[in-house]
Amino acid sequence: MNDADLLRSLGVDPAELYPAPPWAPRQSAGLERLDGSYPCALCGEPARATGVVDVSGHGRRWLDRCLPCLLATTPRGGPRAPLADTLAVLREAAREAGVALTIVTDGS
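The structure presented is a predicted model; accordingly, all values stated were derived computationally and were not measured.

### With respect to the packing of aromatic side chains
Turning to step 1, where the next piece is worked out: Per the stated rule, a full pass over the model turns up one aromatic pair.
Turning to step 2, where the next piece is worked out: Taking 5.2 Å as the distance between ring centres and 85° as the angle between the ring planes, the aromatic pair formed by Y18 and Y38 counts as edge-to-face. In this pair, Y18 is assigned in the loop between α1 (3–10) and α2 (27–32) and Y38 in the loop between α2 and β1 (49–55), connecting sequence segments 20 residues apart.
Turning to step 3, where the next piece is worked out: Judged by relative accessible area, Y18 falls into the partly exposed class, the value being 40%.
Turning to step 4, where the next piece is worked out: Residue placement shows R33 over the ring face of Y38; its charged tip is 3.7 Å from the ring centre.

Here it is in structure tokens:
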């Protein structure tokens with residue numbers, strides 16, 4: 001997913017984000033943003049995480065987020081094995097532990 005798609009999926013207008021520095025070393029500038037004085041782009045709470053997005057027509061912008069919004073909006077990969085294999089491992093582990101287990105999935 002590119003930066004424009006990310007912002008679109010979050011419902012964030014890049015024009016409303018603070019401009020980011022054009023130079024590559026931005027770690028120190030990013031650390032300075034985490035003092036609680038910048039709001040989360042999603043909920044307005046004090047931001048505790050930041051990154052730079054580069055969107056055509058808007059340039060480089062800071063994407064500041066609080067930790068709950070960062071965690072809620074960070075893409076995560078799905079299981080690395082097929083679902084059936086993962087469920088088989090869970091069932092076997094429950095059987096070995098002597099635990100009653102009911103698994104509910106969208107597919108069953």
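### Some words on the nonpolar core
Soluble globular proteins tend to bury their nonpolar side chains together.
Turning to step 1, where the next piece is worked out: Core analysis: the biggest nonpolar cluster contains eight residues, these being L6, L7, L10, V12, L17, V53, V55 and L63.
Turning to step 2, where the next piece is worked out: Elements represented by at least two residues in this core include exactly α1 and β1.
Turning to step 3, where the next piece is worked out: Looking at which element gives the most residues to this core, the answer is α1, with three residues.
Turning to step 4, where the next piece is worked out: Excluding residues that lie within four positions of it along the chain, L63 makes contacts with L6, L7, L10, L17, A41, A49, T50, G51 and V53.

Rules used in this analysis
Residues numbered from 1 in each chain as written. Predicted model: local features only at pLDDT ≥ 70, side-chain atom pairs only at ≥ 80, totals over all residues. Heavy atoms only, no water. Phe/Tyr/Trp six-rings, centres within 6.5 Å; stacked < 30°, edge-to-face > 60°. Helix = DSSP H or I, 4+ residues; strand = E, 2+ residues; numbered from the N terminus. Buried < 20%, exposed > 50% of the residue type's maximum accessible area, 1.4 Å probe, protein only. Lys NZ or Arg CZ within 6 Å of the ring centre and 35° of its normal. Core = buried A, V, L, I, M, F, W, Y, C linked by side-chain atoms within 4.5 Å. Contact = heavy atoms within 4.5 Å.

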